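# Chain and residue survey
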Amino acid sequence: MWSDDEDQHCRRREPIVETWEEYSRVYRSFERFMTISEHDRKETVRVFFIEQDVPPPEHSENDPLDFVPTNMLAALFLHSHKAEVRMPSGEVDMPVIDDNHDGTVSIRYNPKEEGIHELAVKYNGEHVQGSPFKFHVDSISSGYVTAYGPGLTHGVTGEPAQFTISTKGAGAGGLQMAVEGPSKADITYHDNKDGTVSVSYLPTAPGEYKITVRFGDKHIKGSPYFAKITGEGRKRNQISVGSCSEVTLPGVISDQDLRSLNASIQAPSGLEEPCFLKRMPTGNIGISFTPREVGEHTVSVKRLGKHIANSPFKVNVCEREVGDAKKVIVTGNALKEGQTHSENVFSVDTRNAGYGGLSLSIEGPSKAEIQCTDKDDGTLNISYKPTEPGYYIVNLKFADHHVNGSPFTVKVSGEGTNRQREKIQRQREAVPVTEVGSQCKLTFKMPGITSFDLSATVTSPGGVTEDAEIQEIEDGLYAVHFVPKELGVHTVSVKYKQIHIPGSPFQFTVGPLKDTGAHLVKAGGPGLEHGEQGVPCEFNVWTREAGGGTLAISVEGPSKAEIEFKDRKDGSCDVAYVVSEPGDYRIGLKFNDRHIPDSPFKVYVSPAMGEAHKLEIAQFPSGPVQADKPAQFMVRKNGAKGDLDAKVVAPSNNEDDCFIQLIDQDQYSVRFYPRENGIHAIHVKFNGVHIPGSPYRIKVGKDDVDPAAVHASGKGLGDIKTGEKTDLIIDTCNAGAGTLAVTIDGPSKVAMDCTEVEEGYKVRYTPLLAGHYYMTIKYNQMHIVGSPFKIYCTGDKLAEEGGQETSSVVVETVAKVSKGGNRAGVILPIFKSDASKIVSKGMGLKKAYLGKQNQFALNAGDAGNNILFVGIYGPKGPCDEVFIKHTGRNQYQVNYLVRERGDYILMVKWGDDHIPGSPFKVEV
């Protein structure tokens, strides 16, 4: 589709870069930016342009050019766009672009080689959406089987991907087709009775699919084909219903002790999973778990890594208790077809299926609202309510296995909501590697504030925190400057009025990036929280840590959006969108075809402000307020006519109305009563529209809850294996008391628990399927540094594959202080180093001379960061003088002076570890 984003450029009337020398006598101005229609959704191809008439040119009778050329638009297309075909040999050829004179253009190409070709269509040097397009060229003459069609190269989840197989003149033989990929794809075909067969398959998950076509047990030319299936425009919703076995264990344990206990259960096959401890009605402790196997299981209950009394316990599981998805009965026509804006109901009967969790996910053109009614007798009524017609994929699992028929493909018909969608796509280049000692910069845009209220700090990988400088580059655009002293991941905290700005704390890697991908992209700003009709809604996107790739930005809602994009050339960019209608919008941000964290963002765009712009806030609390105590501020209407209302939203998302009282003819008191600690948002509206500056953020409570102080570490963040329990530690020391939320998205649900330990909290989980998992760790609803973490899992398949599964645990934490926190002195940072990589050289390592400066050198450039310790001990005690000089970039020069003859011991340590060769024997 010709993008409205480009139409916006037209209205700005940028200078035309094309030259039209051949039409110099007759000129009709066409200012146009064009892109090729995406292949991931059906659209009507349209062309928008601005046409400016000019007086007819003067010409002689012999001048045949007395009309405006009809191919003007095609000429512009040729000047402003480039198309090229890369052949299998690697050579590049140029196709022909034709104007169809109906608002569309055609691209023609006469192939010279057989095999997979790539058609690249670029504008201003950047690929248009969907480019490059792949197609296969066959050199086979008639009498052989061939295949062609878009379904062999690309498609969209939930929509039929189609292609055609021609068997004209091929003779007798069996035709076989297979589709392999991330999901089951139902294949249908139709004999056209003309020597061709139309084939359609329905992919239910994005990814690469392998299409195999055989004739007479042999691959046809070009088979197997590989199709890229995207999930563009698809929305997903899911619910889980627990059904666990409960066993009471002997002994009495206090509630305080229960918080520090964790439990795991090991099946006869060796599969070990965390299980939940709970207080039973009898007062005893009990465990809750999902039985997966028949036989004797071992339950281990530990406190700080040590078994409690009577642990481990033995639990016997009989056959009828093990969850069996095949015994789940599902009834209802809603799993075959449905209606938009209606409750589509089906029933699930698990009475004879044993114990197991039931999980349901629905993915399709809209996010279907799901309702579940548990009848407490092993049966459930489930309904879903979609808002857009199309194909929906319903995944229904019991005990981590698909029930019979799942995944279901449901055709939903009916009226849609006529939501409009606009999308732009931009290539993001990887930024140069930052070195130690260089000037580093992180930029962000926050219009309408004063730099006086901004502050920034940088924490090095070694745990050293320093203040950073903030400069205002231009109106509303700020930059944080700092000079790193070590390699590794730094934490940059940026605060406005002592509250983290959206996106903060930031990860900033000095040296080569250790990981790349969409999970490392960050976005934040008012345009992702709220907006106003007809006014630019702005936000920032930071892609520096994600490396190079394609950033796609989409806005979907009641009206079409105009999207502006400005690259700051430092791994960050500004985005602004304008919509003409109020209502709920979804802002989707994808990097290399994968949603970034928290995308899509749901934003309510309010009607035009009108008289609401007259209102002012006064006496707003300048600092933190206390929980469970009332606070207030004033609102002046300044002559505006209408109704004022206000509410306060707590960190837990609980909402409470504010009490509004008329103080004077034009002045009101707004009183609110916060009930929990953390950052609250106060929404003040006039006639249903936010007043300037609303929502206002305010800190409640004395505890300084800081997600930048929370760190995660452990083998549970690295490479893991299916069926093996793994764990990680989340260090919350000096971060204050808050809400810790851990979510794991991946190929399977995971049994997960969280228990309190000395330095914070231990999270344990067991994956069941191989693949990539993403662990999101938030503290008071803000990502900690590094979140989400990408975790790669290998191993056997212990559950059935399906859609992405989500598992989560939430804990209200208590304030923790590190061991040195209540004593005078410095808390040692956490060092990451390897002493074995230090290189030492110099005569002073072997021989020394009396009364002279003896020296040697150390190179710790590849050894990470730590503290260097040097000690020399002789026949009568330590030597007189040792001098260490750091010459830069972890290079050291050591001088020492001895005054007694004999053999000395020279010890050199990098942190707690000896360097290679230490201790050295030195002869004096």
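Residues numbered from 1 in each chain as written. Predicted model: local features only at pLDDT ≥ 70, side-chain atom pairs only at ≥ 80, totals over all residues. Heavy atoms only, no water.

### A short note on the overall build of the protein chain
Secondary structure assignment for the protein chain yields three helices and 81 strands. Here the protein chain, with 924 residues, has 48% of them falling under the buried criterion. Of all intrachain contacts in the protein chain linking residues separated by at least 6 positions in sequence, the fraction that spans at least 24 positions is 67%. Carbon and sulfur atoms provide 48% of the accessible area of the protein chain, an area that totals close to 45,800 Å². (Helix = DSSP H or I, 4+ residues; strand = E, 2+ residues; numbered from the N terminus. Buried < 20%, exposed > 50% of the residue type's maximum accessible area, 1.4 Å probe, protein only. Contact = heavy atoms within 4.5 Å. Areas by Shrake-Rupley, 256 points an atom, 1.4 Å probe, with all protein chains shown as cover.)

### Quick notes on the sheet that holds strand β78 (residues 891-897)
By definition, the strands of a sheet pair up through backbone hydrogen bonds, in either a parallel or an antiparallel sense. Taking strand neighbours across the sheet as the criterion, the four strands line up as β73-β74-β78-β77 in an open arrangement whose pairing is antiparallel. Sheet topology places β73 (839-841) and β77 (881-888) at the edges, where each strand pairs with a single neighbour. Neighbouring strand axes in the sheet, compared pairwise and without regard to direction, differ in orientation by 20 degrees on average. Relative to β78, strand β74 (residues 854-859) is paired through six bridges, and the arrangement is antiparallel. Opposite Asn854, over in β78, you have Tyr896 as the bridge partner. (Pairing = 2+ DSSP bridges. Axes fitted to C-alpha atoms, helices over the stretch in contact; angles between N-to-C directions.)

### What to know about the pairing of strand β53 (residues 601-606)
Bridge analysis of strand β46 (residues 530-532) against β53 gives three bridges, and the strand direction is parallel. Bridge pairing in β53 links Glu532 to Ser606.

### Side note on the packing of aromatic side chains
Taken as a whole and judged by the stated rule, the model has 10 aromatic pairs. Aromatic side chains Phe444 and Tyr478 sit 5.7 Å apart centroid to centroid with 25 degrees between the ring planes, which places their arrangement in the stacked category. Here Phe444 is found in strand β37 (residues 440-445), whereas its partner Tyr478 is found in strand β41 (residues 477-482), with 34 residues between them in sequence. We note that Phe444, like Tyr478, is buried. (Phe/Tyr/Trp six-rings, centres within 6.5 Å; stacked < 30°, edge-to-face > 60°.)

### Details of the confidence of the model for the protein chain
For the protein chain, per-residue confidence averages 79 on the pLDDT scale, and 82% of positions sit at 70 or higher. Counting contacts from residues 1-80, a segment whose pLDDT is below 50, to residues more than four positions away or on other chains yields 139 contacts. Every residue in residues 820-826 is under pLDDT 50, and counting partners more than four places away or in other chains gives three contacts. (pLDDT = per-residue confidence, 0-100.)

### Considering the pattern of salt bridges
This structure, assessed with the given rule, holds 21 salt bridges. For Glu655, the salt bridge identified is with Lys647, shortest N-O distance 3.3 Å. With relative accessibility at 53%, the residue Glu655 sits in the exposed group. Take Lys647: its relative accessible area is 25%, and that puts it in the partly exposed class. In this structure, Arg675 and Asp656 form a salt bridge, with 3.7 Å as the shortest nitrogen-oxygen distance. (Salt bridge = Lys/Arg side-chain N within 4 Å of Asp/Glu carboxyl O.)

### Thoughts on the sheet that holds strand β54 (residues 616-618)
Spatially, four strands are ordered β54-β55-β59-β58 in an open sheet, and the strand pairing comes out antiparallel. Strands at the two margins of the open sheet, each flanked by one partner only, are β54 and β58 (659-662). This sheet shows a mean twist of 30 degrees between the axes of neighbouring strands, independent of strand direction. The sheet contact formed by strand β55 (residues 631-636) and strand β59 (residues 667-672) spans six bridges and is antiparallel.

### A few points about the nonpolar core
Counting 32 residues, the largest nonpolar core has Leu728, Ile730, Val742, Tyr765, Met775 and Ile777 as its most contacted members. The set of elements that each furnish at least two residues to this core consists of β65 (726-731), β66 (739-746), β67 (751-757), β68 (760-766), β69 (771-779), β71 (789-794) and β72 (805-812). In contact with Val742, other than residues within four places in its own chain, are Ile730, Met752, Val763, Met775, Thr776, Ile777, Ser807, Ser808 and Val809. Judged by nonpolar contacts, the second largest core, of 27 residues, contains Ala518, Leu520, Ile553 and Val575. (Core = buried A, V, L, I, M, F, W, Y, C linked by side-chain atoms within 4.5 Å.)

### Structural notes on a nonpolar patch on the surface
Among the surface-exposed residues, Phe831, Ile867 and Phe869 lie close enough to one another that they form a single nonpolar patch of about 250 Å² accessible area. Topologically, Phe831 is positioned in the loop between β72 and β73. (Patch = residues over 30% accessible without salt bridge, like charges linked within 9 Å, V, L, I, M, F, W, Y side chains within 5 Å.)

### Observations concerning the environment of Glu388
Counting through the fold element by element, Glu388 comes out in the loop between β32 (379-385) and β33 (390-398). Overall, Glu388 belongs to the buried group, its relative accessible area being 14%. Glu388 sits 31 residues away from Arg419 along the chain, and the two C-alpha atoms are 9.1 Å apart. Leave out the neighbours within four places in its chain, and Glu388 touches Thr340, Pro365, Ser366, Val412, Gly416, Thr417, Asn418 and Arg419.

### Here we look at the environment of His219
By the element assignment, His219 lies in strand β17 (residues 218-219). For His219, a relative accessible area of 38% corresponds to the partly exposed category. Placed 43 residues apart in sequence, His219 and Gln176 show a C-alpha to C-alpha distance of 9.3 Å. Look past the residues within four positions of His219 in its chain and what remains in contact with it is Thr212, Val213, Arg214 and Pro224. Side-chain polar atoms of His219 contact the side chain of Arg214, separated by 3.4 Å. (Polar contact = N/O pair within 3.5 Å; in protein donor to acceptor, adjacent residues only side chain to side chain.)

### Observations concerning the pairing of strand β18 (residues 225-230)
Bridge count between strand β11 (residues 154-156) and β18: three bridges; the pairing is parallel. Counted as the bridge partner of Val156 is Thr230 from β18.

### Thoughts on the environment of Gly639
Position of Gly639 among the secondary structure elements: in the loop between β55 and β56 (644-649). Overall, the relative accessible area of 34% leaves Gly639 in the partly exposed class. Separated by 28 residues in the primary sequence, Gly639 and Glu611 have C-alpha atoms spaced 9.0 Å apart.

### Remarks on unusual backbone geometry
Put simply, Ser406 and Pro407 share a cis peptide bond, and its omega is 0 degrees. The omega torsion across Ser504 and Pro505 is 0 degrees, close enough to zero to call that bond cis. Assignment of secondary structure puts Pro505 in the loop between β43 (499-500) and β44 (506-510). Phi at Gln498 is positive, roughly 70 degrees, even though this residue is not glycine. Structurally, Gln498 can be placed in the loop between β42 (488-496) and β43.

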